[in-house]
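Secondary and tertiary structure notes
Each chain, written out:
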Amino acid sequence: MIDSLIDSKCPRCGAVTDAALAGGVCPACLLRQVAFGTGGDDFPVMPWTPPDVAELTSAFPQLEIIELIGCGGMGAVYKARQKSLGRLVALKILVPQRATNPDFAERFSREAKTLAEVNHPNIVTVYDFGQAGEFYFLTMEFVDGANLRQVMNAGRLRPEQALAIVPPICEALQFAHDRGIVHRDIKPENLLLDKDGRIKIADFGIARMLHSAPAERDSGRAGAPPPGPAELTLQSVLGTPQYMAPEQRDSPASVDHRADIFSLGVVLYEMLTGELPGVNLQPPSKKVQIDVRLDEIVLRALEQKPELRFQTATEFQTGVETVALHPTSARSSPVEIRPAAPRVLKTGQACLITSEQFAIYWGQLLPWQSRGVLVLDERQLTFSRDGTMTVIPLTAIRALNLLPYPRLMYPAGAHFVSLTFEEDGQSKSLILTPFVSLFRWPSHFRRVIADWYAAIRAAVVAATGHELATTPANEVSPSGTFRRLLPMSTALLLLVLIVGCLLAVILFTRREKLTAVRPPEASDTLSPSFGAPVRQMHPPFMASYHEGTVELVALAPHPSAGESCWQPDGAPSTERMPELEGHNWAAGKIVREILLRVHSQSGTPPSPVLRFDRTSNFSGMGHAIYPADKKTPLMIIYQQFAAPPGACQFNVQVGVADGPWETALAFDRPANQYEFSASQGGGANDNWEGSVQTTAQDGATVALAFSYSDRVDYETRLAYLKADGTINPLRGSNSASVQGVTRSIASLPRNEFASIKQFQVQRRHYQWVEFRNVSLEPGFKTSVESRSVDRPFAQPPQG
Amino acid sequence: MSDRAANSFQTTHWTQVIAARGNSPAAKRALRELSEMYYGPVELFIRRYRGGCQDARDLTHEFFAKLLEGDSLDNVDRMRGRFRTYLLGAVKHFLEDQHDRERTLKRGGGQTLRSLDQSSPDDSAAGETGPSDITDPHGFPPDAFFDRKWALAVVEQAMFLLRAEAEANNELARFEVLQRWLVTPEDRSTAVTAAWTLELTDAAFRVAVHRLRKRFRQLIVNRIAATVQDPAEVQDELNYLIRAITSPPTSKEPITPIDVQLPRS
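Now for a quick tour of the structure. (Residues numbered from 1 in each chain as written. Chains lettered and ligands numbered in written order. Predicted model: local features only at pLDDT ≥ 70, side-chain atom pairs only at ≥ 80, totals over all residues. Heavy atoms only, no water.)

1. What about the overall build of chain A?
Counting secondary structure elements, chain A contains 17 helices and 37 strands. Of all 799 residues assigned to chain A, the portion counted as buried reaches 49%. In chain A, once contacts between residues fewer than 6 apart in sequence are set aside, the share between residues at least 24 apart is 63%. Total accessible area computed for chain A in this model is approximately 38,500 Å², and 55% of it derives from carbon and sulfur atoms. (Helix = DSSP H or I, 4+ residues; strand = E, 2+ residues; numbered from the N terminus. Buried < 20%, exposed > 50% of the residue type's maximum accessible area, 1.4 Å probe, protein only. Contact = heavy atoms within 4.5 Å. Areas by Shrake-Rupley, 256 points an atom, 1.4 Å probe, with all protein chains shown as cover.)

Written out as C-alpha cells, the structure reads:
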C-alpha cells in the first residue's frame, strides 16, 4: 500500500483529499459511511442528497426550475415556474422509496388525490402530482414568505400575534378533518406565512405517503407472520418528535384528528413561551406575561389522552378567539355566559343508534358495533366512533327519557336513554345505551344508565335554564315497533324452533357433504365459474375440499380486543380472535376480522389463501397464518379486511393448495457450474420458468439467488432434488414478486449444495370454496351458503 | 488534549447548557468545551467576513470571551435548537455589534477602520474574500461556509481521537493501514493486500475493520449528539453535515426574512 502524502485520492469516491486527515479518505465519504450504519443499529437510512437543478430540468420539461428552497427528511422543495401559465409553483420531490416500501406508488397516488381535492385558502393547494422519471413529485402553490420557524427565530412573537395565527389554522384543520384527512405533522416548519399575512398549512398527508403500515398489503400467498416489534419500529413513527401526540408514538396507526390538535397546542405553547413543553409541563402564564385563561386552552390541547383534548379544531379555535377578543381578565367582565373551555362532566362508552336501526336487531346482544365514546360537557353531548362524531348541543335537546328494553330482548332487564333533539329545524331521536362490560350484574348496568340519564338531564337544565320534557314512552319508536312486531315475532320464533328441530334431525341422519372440486386438468377457460351447487349451511360452517375441510369460524370488529365475536350467520360466538399489535384502518371503510380453520388430512401442510370481492369494494388488509402443530392439529387463518360502509353481509373465497407437489419444470445442476435455469412455454397461461444462480461462496455456505414462476391458480415453489432422492424446498428471504416471477435469495451449507442433482419448480393447484352471505354485523342474521368455485374473484393484475 | 477530550464527551451536552440557560457552573463548563471544539469554523467565518483585516483572530477571542461570560441576554434567549445554529447566530450578532461600534468610532473621527466593502487585492488572491459574499444584506458570508467548516471540524476531531486511541494502545502502525478502510473502497481486492500487510487472516481483517468503523461511528455520533437537543435529531444533523461538506460554499442560501406581516385577527 503506497500512498503519496501529497496527493491522495479517496478510495471510495476518488476525490482528491488531504492525506493528513485520514490517510486520504475524504470527509464526506467518512460521514456517509457513518450514516450508512454498521448493520443492525438505529441509522437505517442513507443520507439523501436532493437532485440538482439540472437533473430536474430534464425530468420536468414543463417547468422552469429556479432554485432549491429547502430540504427535509421527506424530500426537497424547489421554486419553479410553470412555463405554460407563467405562475410560480413549489415543486416537491420526495425521497426515493425502495423495497421497504412496496406499495408506495399506490399510496402516493391515493393520498395525493385526496389532497388535490382539498381546496382551502389556508391550506397549500396541490396542483399536480405523479412520477416523472425516477422522481415522485408534487407541484403545489408557491408561498412567497417564510415559515413560522423562521419567524419565531427572528424574534419572539407577541401573544396577540400568536393568538391571531391560531384561528385560521384551526379553520383549515377543521376543513381537512371534516374530509377525513389528518395532517400528522403539524409543526412551525409546516406553517407558512405569506407576504399578505395569510397563514397556510403545508405538507398535509405527506407523512402518510412515505410510511407503510405493514399489514396494508393484500398478499395472500404462503403466510407471512404478523409484523414483529423490529418491523414496527422501522415503520418509523410519523411526525416530528417534539410535536407528536403521545398516541402517535405509542400506537401510530390508531391516530386520529386529535393528534393534530395536540401538535397545534405544542406550536401555540412554543409561540407564547419560546420553549417547547417539557416533561414537567408548566402553564404558559408562569413563564411569560399572558392572560391566565390561555393556560386552560393550551393545557387542554396538550392533554395526553385524546378524549380529554378539544375534540374538534373548531372548539380549539373558539377557545382561542374568546380569549383574544376579550383581552381584559375574566374578573373584570361582569357576566360570563360561557367559559372558554366547557368543563367535561362525564365520559364513558355507549352505543348510539337510531330508532330505525333498532328494529333490525334480533338482539340477545346490545347493538355494539355502534359502540363509541360518549362525552358530556357543559355545552354538548359528543359521541365519537370510528373517526366520526355526533355532536348534540345541550340546548337543542327537547326531550329525554329512561325506558326499559323489551323483556324479550333483554330478559334480565335493562334500560336505555331515548333522546329527542332538534337539528336544522328537524326533530330527531336517538337511543343511547351507555355500555358496561357484559360480565356485570344487571343491577350495575341499570345504575350506570340511570347515572347517565340523570347527568344528561342535569346538564341540559343547567345549560338551558329550564326543565326538560319527558319523551312519552309510547312515542319512542323502538318499543312501539317492537310492540307491533311482538306477536308476529313470537309466532315466527315458534315456527323457527319447530323447523329448526326438524332440520337438526334430518341433518344428523344424512350428514351431507359438499362435492369436491374437480381435479386440475379438467378445469379450463370454458367452464363457467359456477361450480357445484350452492349449499345452505348451519353451524359449524365447514366446506370440504379434496384433502380436508375449511371451517369459517367467526368474525369480529377491528380492533377486536375485548370485543365479542360472532358466527358467520350473525349469532354470537365465544371465539376469541388472535391478538396482534397494530390497528388498521381504511379511509371510508369498515374493517373486520375473520377467523378460519383448515383441517388437512393429506400429511403435507396446506397453503390457504383468502380472496375478497374487489369489485364490491372489499379488500384484504393483512393476515396471519398459524400452522398446525402438535398442540393444534388445525391450521388457523386470521385476516383483516376492509368493507364498504353500510354492507351487512359479504362473500369470501378460500383457496387451499394441499396434497403432494407436482413438478412443473426441472433442470439439472451440473457440477462446477454457477448458473442454472430453464423455461417452458405452454401457451398464454402456461409458461413456467425457474433459475438459480450462485452469488457468493464463502467458506461454509453458498449464497443463491433464485427465481420461479408465480401463478394465481397454483401455489409454486422452487425445490431441489438431492443425490439421495430427497426433495427440499429452497427457503428464501427478501422475496419479491414482479410480473409473474418471484425472486428470492437463500443460502445453503456447502455440502448440501454439492449434493443437489436437480432443481425443480413445483406447483400445487388451488382449490376454491366460497362462503356466501357471511354476516358483517353481530346480530345481523344471514343464511350462509357455500359452494365450490373454479376461479376466485378477479384480482388486480400482479406485478 | 486526548484524555481530557475523551472524558468530555460525557459531560458536554448542549442540552445541559440550554436547561441551565448557561448559568450553572456545569453549563458554563460545557459551553466552554463546546466552544473550544468549534473554534475553527467561527474563526474562518469571521476572517471571511472581515475581508482583508488581520484582526480575525483577536475578534474570535473577543467573541468567545463574551459568549462564555454569559453577559449577553440576547444570546440566552436564543439558546435552543442546535448548538451550530446558535453559535452562528451569536457570531453574526457579535459581528453586527462590532460593525456598529466601528461605525460610530469612524464618525467620531477616531481611527479610520477599514470598512466592510473594501477588500485588499492581495487577500482576495488567497481566497480569503469572495465577491459573491455580498448576498446577505448584512454582508455576511453564506451560512454554508460556516456549516462546511463545522462538518470538517467534526470529522477531524473524531479522526484525531481515533488515532490517539490507537496510539495509546501501541497500534499506530496498524491504524495507519486500517484507517483507509473506514469507508468501503471501490476496489475491494486491496483487502487481500492490506490483510497480508498486517499479517491478519481475512476474517481477522474484517473484524478489525468492523471494530474501527464502529468506534469511529460512535465518536461521530457522540460529537453530534453533544450539539443537539434531542437524540432523534442526530440523524438529521448528520445528513445536514454531509450536505454541507458536499455542496460548494459559494451556493446561495435563502435569506431569512425578518419582516413578515402577521395575520390580523
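On we go from here.
2. What about the overall build of chain B?
A tally of regular secondary structure across chain B gives 13 helices and zero strands. Going residue by residue from the N terminus, the α and β elements of chain B occur as α-α-α-α-α-α-α-α-α-α-α-α-α. Relative to its 265 residues, chain B shows a buried fraction of 44%. Look at the contacts in chain B between residues 6 or more apart in sequence, and 69% of them connect residues 24 or more apart.

3. Points about the sheet that holds strand β5 (residues 88-94) of chain A
Residue and element names in this part refer to chain A. Here five strands make up an open sheet; going across it, the order is β3-β4-β5-β7-β6 and the pairing antiparallel. The strands lining the two open edges of the sheet, one partner per strand, are β3 (63-71) and β6 (126-132). Ignoring which end each strand starts from, the neighbouring axes of this sheet average 25° apart. Alignment of strand β4 (residues 75-82) against β5, held across seven bridges, turns out to be antiparallel. (Pairing = 2+ DSSP bridges. Axes fitted to C-alpha atoms, helices over the stretch in contact; angles between N-to-C directions.)

4. Concerning the packing of helix α9 (residues 143-168) of chain B against helix α13 (residues 234-246) of chain B
All names here are of chain B. Across the interface, α9 lies against α13 with an axial gap of 8 Å and an inter-helix angle of 115°. Here α9 is positioned roughly perpendicular relative to α13, judged by the angle of their axes. In the packing of α9 onto α13, the handedness of the crossing is left-handed. Contacts from D147, R148, W150, A151, L152 and V154 in α9 reach E237, Y240, L241, A244 and I245 in α13. Residues that form the contact of α9 with α13 fall into these classes: eight nonpolar, no polar and three charged. (Parallel < 35°, antiparallel > 145°, perpendicular 65-115°, else oblique. Left-handed = near helix turned anticlockwise from the far one by under 90°. Nonpolar A, V, L, I, M, F, W, Y, C, P; charged D, E, K, R; others polar.)

5. Topic: a nonpolar patch on the surface
A contiguous nonpolar surface patch, about 840 Å² in accessible area, is contributed by L493, L494, L495, L497, I498, V499, L502, L503 and I506 of chain A. Residue placement: I506 of chain A occurs in helix α16 (residues 477-510). (Patch = residues over 30% accessible without salt bridge, like charges linked within 9 Å, V, L, I, M, F, W, Y side chains within 5 Å. Salt bridge = Lys/Arg side-chain N within 4 Å of Asp/Glu carboxyl O.)

6. A few points about the pattern of salt bridges
In the structure shown here, the tally under the stated rule is 35 salt bridges over all chains. For R158 of chain A, the salt bridge is made with E160 of chain A, and the minimal N-O distance between the two is 3.2 Å. By relative accessible area, which is 46% here, R158 of chain A ends up partly exposed. Note that D713 of chain A is salt-bridged to R711 of chain A, the shortest N-O span being 3.3 Å. Judged by relative accessible area, D713 of chain A falls into the partly exposed class, the value being 32%. Judged by its relative accessible area of 12%, R711 of chain A falls in the buried class. When salt bridges with common partners are traced through the structure, they connect R82, R84, D147, D236 and E237 of chain B into a single cluster.

Purely geometric numbers; function is a separate question.
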